[in-house]
Each structure stands twice: as structure tokens, then as C-alpha cells.
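# Working through the structure, step by step
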Amino acid sequence: AAGDGGGMGAYLRACGPSGLNDAWAFIGAHTSVLAPPLVPEVLLHLAHEAIPIWEKTEEELGAIGLPPPFWAFAWAGGQALARHVLDHPELVRGKSVIDLAAGSGLVAIAAMKAGAASVLAADIDAFALAALSANAALNGVAVAPTAEDLLQAPPPPMTQGGFGLSLPQAPEIDFSQFGPIEAKALSRIQKLSGANLHRNWVTIPHITQHDEADITELEEFRKIQVEEAKKQGIRFTILCFLLKAVVVALRQQPEFNASLGHKFKDPMHYVVSAARQGYDGRVIMNADPLLKAVQRLGESLYEHQTPDGYALDMAAWASPGQMTARFDIAQAMGGPMPALLQADDASAAAPRKESMPSLNTAFFQTAIAPRLSANTRAALAGAHTPKEWNGIWLAAPEFMMR
């Protein structure tokens, strides 16, 4: 039951004033005082294995089907957030903080250590409340626990005034899925303008703005094309011309088509983006060649233990051996790969012949080539065959970035 800890809350109430002490005794008997790997300055009562303490919890309460004892573990997400708070104390210093679904209280404790004025730690698991209280005492900080289900409570009042609002973060988009990208340093005025424009966009009410343009000749041309378009089942509206105008404007003024971010592709991003270059719009029936390429580059699926997973920075994937392997894969994927388009079925017929992937397109020459370095353009110009050209492009430094 939300709000009172369900069966655990009933258990503590049934025990009367000694309920909390009994919960502390249970926690002390089945956990050890340990420091999480990412937050060694915080001590917590933690379990070594999930199943035994889960079973002990059900035995203690005389119930089955209880949720896992989340309070007995320092989960990776909580460790990362606690580390971030401790490394950036200005985020919470002097502020009132709410730790929702607090569990062990790791983040709540980190916030108090970072200088928060107060922390409300909310969890509907009564054992979690006992654990976070014990953990707070272990670290010499005061945390206010509550069993209230804050998700069912009305939201707190919003700060009045646009400048007091908590601005939403812009979503991080992998723009390399739409094609190669280029990174350029922002000037000081661009950095300042970007932050303020985003703030104004989300805090100031906007109204529709109109500009006038004479489209008489354009509309006459559109009407001439309408009947032919209808025969093909196409609605030929003014929107077609508006989109064309936007594309032309973005090509002429690339600053309006820019976004922050410049990352080196890890093997998965690299292989998938290479496949998209040659086979975009076609159904990949057999992903085995792609999976083998990713495995050769050292990022096999499901083979890196949690909590951190594979590294996604340039230092992890830019070694000489990695670059050599990528060059070999670029050469292979730059040529026909009929196996990608054939179902992985031993009884199927031999793979049909496929034409060479066409990467050197008119779009590439108009939208991408002008942004390439002089060395990359020279290397592409020196290619003797389409396959060699494709391989050079897929191995180019610009293609390695996303």
C-alpha cells in the first residue's frame, strides 16, 4: 500500500515503539558496513548478495512476493548521482533537497555532506527508512525520513518569475544518424547567446509571427503541377516549396543547422553508421557481419559487466590497433556485402550479387565534402575505384566523429 510501506509499515506498527529498533537489529544482522566503490567517503549498511537478504526479509515479515530490498545495495545510478553531487556541491549547497525513492539514503547523505540545508528522504519501504536513518547516523549527518508517497501528493508550488524556473535540459540527439557531422568551436558570444536564447524560449510566452511574401508566381506553378501529382497519388501543396526553401537556407547558413556536441564513435556507433551509409533504406536481414565487426573492435554485446559498461570516450577506442581494425572494416564495408541482405538461413540460396554501395553522391559533394579537411579531400580524390573511395571515406577522421 503506497504511503505507509505496505506490509513492512504494518510490521513496524505491530511491533510498537520497538519496531524501529527491531528493524535496525535486522539490518545490522544481515548487512556489513561498506563504502560504495564510486563514493568511498560514504559508509552504508550493504548486503553482499540479493537473494539471501530478500528471503530473510520475507521470513521476518511472514510474507512472500515482497519487492527486493533495494535499500541493501548501492545501485550504479545512485552512486553516479552521489558522486556528481559531491563533486559539484554548488548544486545543493544551502538548498532543501528531496531524495525520492531514497533506498539506502546514499544520495541524501551525499547531499548533506555537500552542504544542503536539509534533505527529505522519501521511501514507502519501511526497512528503507530504517536503513537510511542508520546510514545517516553512520555518516554523522541528519536526514529527515518520510514514508509518504510523494508521487501521490500535489506538486510543490512553482517559483514565480521566469528567471526562477528550473530550465529543462535539451535532449541529447545523435545527429550522426542523419549523416556525417562536423564540429567547430563556438565563439564567446555564441556560447552566451545560446544559453540565453534557450532560457528565453522556455520562459517567455510566444505569439505567432507573420512575414509577408508574394507567392503569386509560385502558386500558379503549383496549380499547374497539381493534376499530374494527383495521378501519382501525391498531394502537391505549398509545404513542398517551404521545405525546399528551408533546406537551401540551412545549406547557405550552416550555423542554423548546428548543435553542441562532438564525440568519437565507439565501435557500435561506428559499424552501424557505416552500414547506414551504404544500405540506408534497405532491410538488413542478417546482422551477423555487423556483429562480428563490432566484436572484432572489442565491444561485443553483453560482455561488459555493470555498472559502468563500455567506455564511450575517445581514449578508449582510438588506439593504433583499433584504427587498423577500423581501416580493415572500412575496406570491407565499402564494397558489396550481399550477406547483409540475405536471411541467415542455411537452406537459403546463395547470396545474390549486390552492386557497389554508392557513397559518393550529389548530396555528399554539396553538403559534406566542403566541410572535410584538405587531407581527407585529397585522399578521396586519389581513389582509383568506387570501392577504394568508399573505404577511404569510411576510414576518414571526420567519419569517426558523431
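Residues numbered from 1 in each chain as written. Predicted model: local features only at pLDDT ≥ 70, side-chain atom pairs only at ≥ 80, totals over all residues. Heavy atoms only, no water.

Turning our eyes to something else, we now look at the packing of aromatic side chains. All chains considered together, the criterion is met by 6 aromatic pairs. Aromatic side chains Tyr270 and Phe399 sit 5.9 Å apart centroid to centroid with 75° between the ring planes, which places their arrangement in the edge-to-face category. With Tyr270 in helix 10 (residues 267-279) and Phe399 in the segment after helix 16 (386-394), this pair connects stretches of sequence that are 129 residues apart. Residue Tyr270 shares its accessibility class with Phe399, and that shared class is buried. Ring geometry for Trp393 versus Phe399: centroids 5.5 Å apart, planes at 65°, classification edge-to-face. Of the two residues, Trp393 and Phe399, neither departs from the other in class, the shared state being buried. In this arrangement the basic side chain of Lys265 is found over the ring face of Phe399, its NZ or CZ atom lying 3.7 Å from the centre. (Phe/Tyr/Trp six-rings, centres within 6.5 Å; stacked < 30°, edge-to-face > 60°. Helix = DSSP H or I, 4+ residues; strand = E, 2+ residues; numbered from the N terminus. Buried < 20%, exposed > 50% of the residue type's maximum accessible area, 1.4 Å probe, protein only. Lys NZ or Arg CZ within 6 Å of the ring centre and 35° of its normal.)

Glancing now at the nonpolar core. Judged by nonpolar contacts, the single largest core of 33 residues is most densely connected at Tyr270, Val271, Met333, Phe364, Trp389, Trp393 and Leu394. In terms of residue count, helix 10 provides more of this core than any other element does, 5 residues in total. In contact with Met333, other than residues within four places in its own chain, are Val271, Ala274, Ala275, Leu290, Pro357 and Leu394. Of all hydrophobic cores here, the second largest spans 27 residues; its members include Leu106, Met112, Ala116 and Leu129. (Core = buried A, V, L, I, M, F, W, Y, C linked by side-chain atoms within 4.5 Å. Contact = heavy atoms within 4.5 Å.)

The alternating pattern of strand 3 (residues 96-100) places Val97 and Asp99 on a buried face, while none of Ser96, Ile98 and Leu100, on the opposite face, is buried. Pairing between strand 3 and strand 4 (residues 118-122): 5 bridges, direction parallel. Its bridge partner lying in strand 4, Val97 is registered against Val119. Running through helix 5 (residues 106-113), the crossover from strand 3 to the neighbouring parallel element strand 4 is right-handed. (Pairing = 2+ DSSP bridges. Right-handed = clockwise from strand over helix to strand, strands pointing away.)

An order of 3-4-5 is seen for the 3 strands of this open sheet, with the pairing classed as parallel. Bordering the open sheet on either side are strand 3 and strand 5 (144-146), each of which pairs with just one other strand. Shown here is a sheet whose adjacent strand axes are inclined to one another by a mean of 20°, direction ignored. Contacting strand 3 and strand 4, helix 5 crosses the sheet at an angle of about 180° to strand 4. Across the face of the sheet, helix 6 (residues 126-138) comes into contact with strand 4 and strand 5 while running at roughly 175° to strand 5. (Axes fitted to C-alpha atoms, helices over the stretch in contact; angles between N-to-C directions.)

As a further point, take unusual backbone geometry. With the exception of glycine, most residues fall at negative phi, and the peptide bonds are largely trans. Even without being a glycine, Ala101 presents a positive backbone phi close to 55°. Counting through the fold element by element, Ala101 comes out in the loop between strand 3 and helix 5. Residue Ala101 is classed as exposed on the basis of its relative accessible area, which comes to 59%.

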